[in-house]
Amino acid sequence: MRKHAAVLLVTLASASTAAITVRAQTQAAASIKANAPAGWPINHTLVVLDPAHGGTEGGAVLGDHVAEKDITLAVASKLRAALSTNGFNVVSTRDAGGSDPLSTDQRAEIANRTHAAACIVLHATATGSGVHLYTSDLQAPNQDPDLTAGFVPIPWDAAQSGFVRQSADLAVSLSTALGKAHLPATLGQAPIRPLNNLMCPAVAIELSPLAAPGAAATPATDGNYQQQVVNALTVALRAWRDSPALLPVADASTGGQTSAQSKAIAAAEATGRAAAKVRTSPTPPPAQKGPQ
Ligand SMILES: [Zn+2]
């Protein structure tokens, strides 16, 4: 990071101009790419984990009276450890002991402040088979949002729309890594809260029992099974943090630029647009507390 900061100092004066020029040249092509919205800097090494349920809200009951809230927390804990070992910073919306779980709106607010490379919502169930990966059911906009233009009102319930292509890419990456680890995964779209409110590449992961031919299925409560899933997710997220999909639209479209130049422009945009970024973040309706 120190090296990038030095590059930034040298190129700061010209970087913004270069970025704007490139964006103008490539706007048509950019609208079909799966890149971060312009003006929304992404922290490539930050992952948000949202272990669903908590406190008095236990979620589903798995196996011998095990509450889903405890499984999601166990998986989040394993995933946090694995990601931390691999150089990620992890923000969790819930940890052990919390008696009053945050609403899904509050969880989304926490996530949206981080500019995370990935937001992972965790659920578990006693039914179905394998690992279910869900992304938002919102449609991608015809044109990628440009958040560099100062105040851009973003509806709370459609905050994810500018990220749905990236979320789909992330889900495929996670699914592929699970498949390579011989863990069957299925992809789907569903308005699982708070997916639609998240401003990050976001995937909800539901852990179902692992079926095995001629043997009893391994339940989601099984620690070994959880760890296998976590290991596969970590492999995928390690690759994901270097994905071109995490570069801003204009940045990723610059075929002739070096990586250092691209990063300097991204950093310059992040610095120069800090004020706009804060005003751009949507806020939830005050009285709304959605179902978990
Ligand atoms: Zn659940």
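Residues numbered from 1 in each chain as written. Predicted model: local features only at pLDDT ≥ 70, side-chain atom pairs only at ≥ 80, totals over all residues.

Draft legend 1. View of the overall build of the protein. Of regular secondary structure, the protein possesses 8 helices and 10 strands. Taken across its 292 residues, the protein has 42% of its residues classed as buried. Within the protein, contacts between residues at least 6 apart in sequence are counted, and of these 82% link residues at least 24 apart. (Helix = DSSP H or I, 4+ residues; strand = E, 2+ residues; numbered from the N terminus. Buried ≥ 20, exposed ≤ 12 C-beta atoms within 10 Å, placed from the backbone. Contact = placed C-beta atoms within 7 Å.)

Draft legend 2. Examining the nonpolar core more closely. Ranked by size, the top nonpolar core spans 61 residues in total, and within it Val47, Ala118, Cys119, Cys200 and Val203 carry the most contacts. When contributions to this core are tallied by element, the ones reaching two or more residues are strand S1 (43-51), helix H2 (68-85), helix H3 (104-112), strand S5 (116-124), strand S6 (131-135), helix H4 (164-180), strand S8 (202-207) and helix H5 (223-240). The greatest single-element share of this core, amounting to 8 residues, is contributed by S5. When near neighbours in sequence (up to four residues on either side) are disregarded, Val203 contacts Ile120, Leu133, Tyr134, Thr135, Ser167, Leu170, Ala171 and Leu174. (Core = buried A, V, L, I, M, F, W, Y, C linked by C-beta atoms within 7 Å.)

Draft legend 3. Fine view of the environment of Leu187. Here Leu187 lies in strand S7 (residues 185-189). Judged by the 14 C-beta atoms lying within 10 Å of it, Leu187 falls in the partly exposed class. Residues Leu187 and Ile205, spaced 18 residues apart in sequence, show a C-alpha to C-alpha distance of 9.6 Å. What Leu187 contacts, discounting residues up to four positions off in sequence, is Leu133, Ala171 and Ser175.

Draft legend 4. Quick look at the packing of H4 against H5. The interhelical angle for the contact between H4 and H5, taken along N-to-C directions, is 135 degrees, at an axis separation of 8 Å. Between H4 and H5, the interaxial angle falls into the category oblique. Crossing handedness for the pair H4 and H5: right-handed. Touching Leu170, Ser173, Leu174, Ala177 and Leu178 of H4 are Val229, Ala232, Leu233, Val235, Ala236, Ala239 and Trp240, all from H5. (Axes fitted to C-alpha atoms, helices over the stretch in contact; angles between N-to-C directions. Parallel < 35°, antiparallel > 145°, perpendicular 65-115°, else oblique. Left-handed = near helix turned anticlockwise from the far one by under 90°.)

Draft legend 5. Structural view of the sheet that holds strand S4 (residues 89-92). Here we have 6 strands laid out as an open sheet, ordered S4-S1-S5-S8-S6-S7, and mixed in their pairing. Edge positions in the sheet fall to S4 and S7, since each of these pairs with one other strand and no more. Averaged over all adjacent pairs, the angle separating strand axes in this sheet is 25 degrees, with direction ignored. Relative to S7, S6 runs parallel, the two being bridged by 5 bridges. The residue of S7 that forms the bridge with Thr135 is Gln189. Strand contacts of H3: S1, S4 and S5, with the helix running at about 170 degrees to S1, the strand carrying the most contacts. In this fold H5 packs onto S1, S5, S6 and S8, with an angle of close to 160 degrees to the strand it touches most, S5. (Pairing = 2+ DSSP bridges.)

Draft legend 6. Representation of unusual backbone geometry in the model. Along the chain, Arg193 connects to Pro194 via a cis peptide bond; the corresponding omega equals 5 degrees. By the element assignment, Pro194 lies in the loop between S7 and S8. Look at His115: it is not a glycine, yet its phi comes out positive at around 55 degrees. Positionally, His115 belongs in the loop between H3 and S5. The residue His182 is not glycine, and still its phi comes out positive at about 60 degrees. Structurally, His182 can be placed in the loop between H4 and S7.

Draft legend 7. Fine view of H4. In a regular helix each residue adds 1.5 Å, so 17 residues correspond to 24 Å; H4 covers 24 Å between its end C-alpha atoms and thus fits that length. Along H4, the positions that sit buried rather than exposed are Val164, Gln166, Ser167, Leu170, Ala171, Ser173, Leu174, Ser175, Ala177 and Leu178. The positive-phi residue at the C-terminal boundary of H4 is His182, with phi of around 60 degrees. (Expected span 1.5 Å × (residues − 1).)

Draft legend 8. The packing of H2 against H5, seen in detail. The contact between H2 and H5 brings their axes to 9 Å, and the two run at 45 degrees. Accordingly, the angle class assigned to the pair H2 and H5 is oblique. In this structure, the crossing between H2 and H5 has a hand that is right-handed. Along the contact surface, H2 presents Ala74, Val75, Lys78, Leu79, Ala82 and Leu83, while H5 presents Gln226, Gln227, Val230, Asn231, Leu233, Thr234 and Leu237. Within the contact of H2 with H5, the residues separate by chemical class into 8 nonpolar, 4 polar and 1 charged. (Nonpolar A, V, L, I, M, F, W, Y, C, P; charged D, E, K, R; others polar.)

Draft legend 9. Seen up close, the pairing of S6. Burial within S6 is extensive, with 5 of its 5 residues counted as buried. Of the two faces of S6, the one carrying Val131, Leu133 and Thr135 and the one carrying His132 and Tyr134 are both buried.

Draft legend 10. Up close: the environment of Ile192. Tracing the backbone shows Ile192 in the loop between S7 and S8. Separated by 56 residues in the primary sequence, Ile192 and Ser136 have C-alpha atoms spaced 7.2 Å apart. With residues up to four places along the chain from it excluded, the contact list for Ile192 reads Val121, Tyr134 and Ala204.

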